[in-house]
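Close look at the chain arrangement
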Amino acid sequence: MAGWTVSRGTPPAVVEPWGYRIDVGLPTHVFRHVLPAPDAISVGKLCAEITEPNAWLKVMAGPEEVAEWITPGWTVPDDPGFMMTKALDAGARPPAPEGYARTTETRDGVIRVRIVAPDGTLAASGRLAPTGVTAVADQIETHPEHRRRGLGANVMRTLEAAGAQAGAVTGVLSATRDGLALYDSLGWRHEGPLTGIVRGA
């Protein structure tokens, strides 16, 4: 929780009986409740109590199971998440990709990596928020015209090395279906599903 809130610049997570609440503050993502150990009762109760549009629940359970717990007005988007971890290696940092320029900077406690194409446009980027022994990788993105050139892997390895050098031992991330193959290839371990649920208007 701490790494995600640092990365996104939100207030710290508030501990609740069922998990955590984070006030995200975006029009399409007002706040999120995170349930590390969800069940039908806890999810159903929150769904019944929360009426604000664009509120989210993030639960450590599969989408098929979660779909049976929610009440009318809530939907499970068609983009399942996967919680993943990895032991960080300070020696993982690769050279910059040939023909591209790479920068690494730390701002507000967040390590940011950017890879820029020869024409000056952003080709790939990502960030890592170390919070003690763990570090959360977040917003890893390669622009479509630069994909399949190893840029995503380069960003991830650069972040991994920087996180380890900052004292973090374990990396944590929530992978999308599109990113799962990349993280698998880099040695990240699948710990379980992470399903999002959103309240409609």
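In the block above lies the structure referred to throughout.
These numbers come from a predicted model, not from an experiment. (Residues numbered from 1 in each chain as written. Predicted model: local features only at pLDDT ≥ 70, side-chain atom pairs only at ≥ 80, totals over all residues. Heavy atoms only, no water.)

Some remarks on the side chain of Arg 199
Residue placement: Arg 199 occurs in strand S12 (residues 189-199). A polar side-chain atom of Arg 199 sits 3.5 Å from the main-chain carbonyl oxygen of Pro 72. Ignoring anything within four residues of it in the chain, the contact list for Arg 199 reads Cys 47, Ile 50, Thr 51, Glu 52, Pro 53, Asn 54, Ala 55, Pro 72, Gly 73 and Trp 74. (Helix = DSSP H or I, 4+ residues; strand = E, 2+ residues; numbered from the N terminus. Polar contact = N/O pair within 3.5 Å; in protein donor to acceptor, adjacent residues only side chain to side chain. Contact = heavy atoms within 4.5 Å.)

As for the pairing of strand S7 (residues 101-107)
Where S7 and strand S8 (residues 110-116) come together, seven bridges link them in antiparallel fashion. Counterpart to Arg 107 in the pairing with S8 is Val 110. Taken together, S7 and the strand that follows it, S8, pair antiparallel across an intervening segment of two residues, in which Asp 108 is found at a positive phi of about 55 degrees. (Pairing = 2+ DSSP bridges.)

Examining the packing of aromatic side chains
Taken as a whole, this structure holds one aromatic pair when the rule is applied. Their ring planes at 65 degrees and their centres at 6.5 Å tell us that Tyr 183 and Trp 188 sit as a pair that is edge-to-face. Trp 188 shares its class with Tyr 183; the two are buried. Here Arg 21 stacks its cationic end above the ring of Phe 31, 4.2 Å away from the centre of that ring. (Phe/Tyr/Trp six-rings, centres within 6.5 Å; stacked < 30°, edge-to-face > 60°. Buried < 20%, exposed > 50% of the residue type's maximum accessible area, 1.4 Å probe, protein only. Lys NZ or Arg CZ within 6 Å of the ring centre and 35° of its normal.)

Concerning the pattern of salt bridges
Across all of its chains, the model carries six salt bridges by this definition. One salt bridge connects Arg 8 with Asp 138, and the closest N-O pair in it is separated by 2.6 Å. Residue Arg 8 is located in helix H1 (residues 2-8), and its partner Asp 138 is located in strand S10 (residues 134-142); the two are separated by 130 residues in the primary sequence. Look at Arg 8 and you get partly exposed, because its relative accessible area is 36%. Across the pair Arg 21 and Asp 23 runs a salt bridge, and its minimum N-O distance is 2.7 Å. (Salt bridge = Lys/Arg side-chain N within 4 Å of Asp/Glu carboxyl O.)

Re the nonpolar core
Counting residues in each nonpolar core, the largest one holds 27 residues, and the members touching the most others are Met 84, Met 156, Leu 173, Ala 175, Tyr 183 and Trp 188. Of all elements in the fold, only strand S6 (81-87), S8, strand S9 (122-131), S10, helix H4 (151-165), strand S11 (170-175) and helix H5 (180-185) reach the threshold of two or more residues within this core. In terms of residues, this core owes the most to one element, H4, which gives seven residues. In terms of nonpolar packing, the next biggest core, distinct from the first, is built from 15 residues, Val 43, Ile 50, Val 59 and Trp 69 among them. (Core = buried A, V, L, I, M, F, W, Y, C linked by side-chain atoms within 4.5 Å.)

Re unusual backbone geometry
Positive phi outside glycine occurs at Asn 54, with the angle close to 65 degrees. Mapped onto the fold, Asn 54 is located in the loop between helix H2 (40-49) and strand S4 (56-59). Among the residues examined, Asn 54 registers a relative accessible area of 28% and is labelled partly exposed. In this model, Asp 108 sits at a positive phi of 55 degrees, which is unusual for a non-glycine residue.

Remarks on the environment of Thr 10
Its place among the elements puts Thr 10 in the loop between H1 and strand S1 (14-16). According to the relative accessible area criterion, Thr 10 is buried, its value standing at 13%. Sequence separation between Thr 10 and Asp 23 is 13 residues; the distance between their C-alpha atoms is 6.7 Å. Apart from residues lying up to four places away in sequence, Thr 10 is in contact with Trp 4, Thr 5, Ile 22, Asp 23 and Val 24.

Observations concerning H2
Among the residues of H2, Ser 42, Val 43, Gly 44, Leu 46 and Cys 47 are the ones counted as buried. As for H2, its buried residues are in contact with strand S3 (29-35), S4, strand S5 (74-75) and S12. Two to three positions downstream of the cap, the backbone nitrogen of Ile 41 sits 3.2 Å from a side-chain oxygen, assigning the N-cap of H2 to Asp 39.

Let's talk about the environment of Gly 200
In this structure, Gly 200 sits in the segment after S12. Under the relative-accessibility criterion, Gly 200 is labelled partly exposed at 32%. Between the C-alpha atoms of Gly 200 and Leu 26, which are 174 residues apart in sequence, the distance is 15 Å. The residues touching Gly 200, leaving out its near neighbours within four places in the chain, are Pro 53 and Gly 73.

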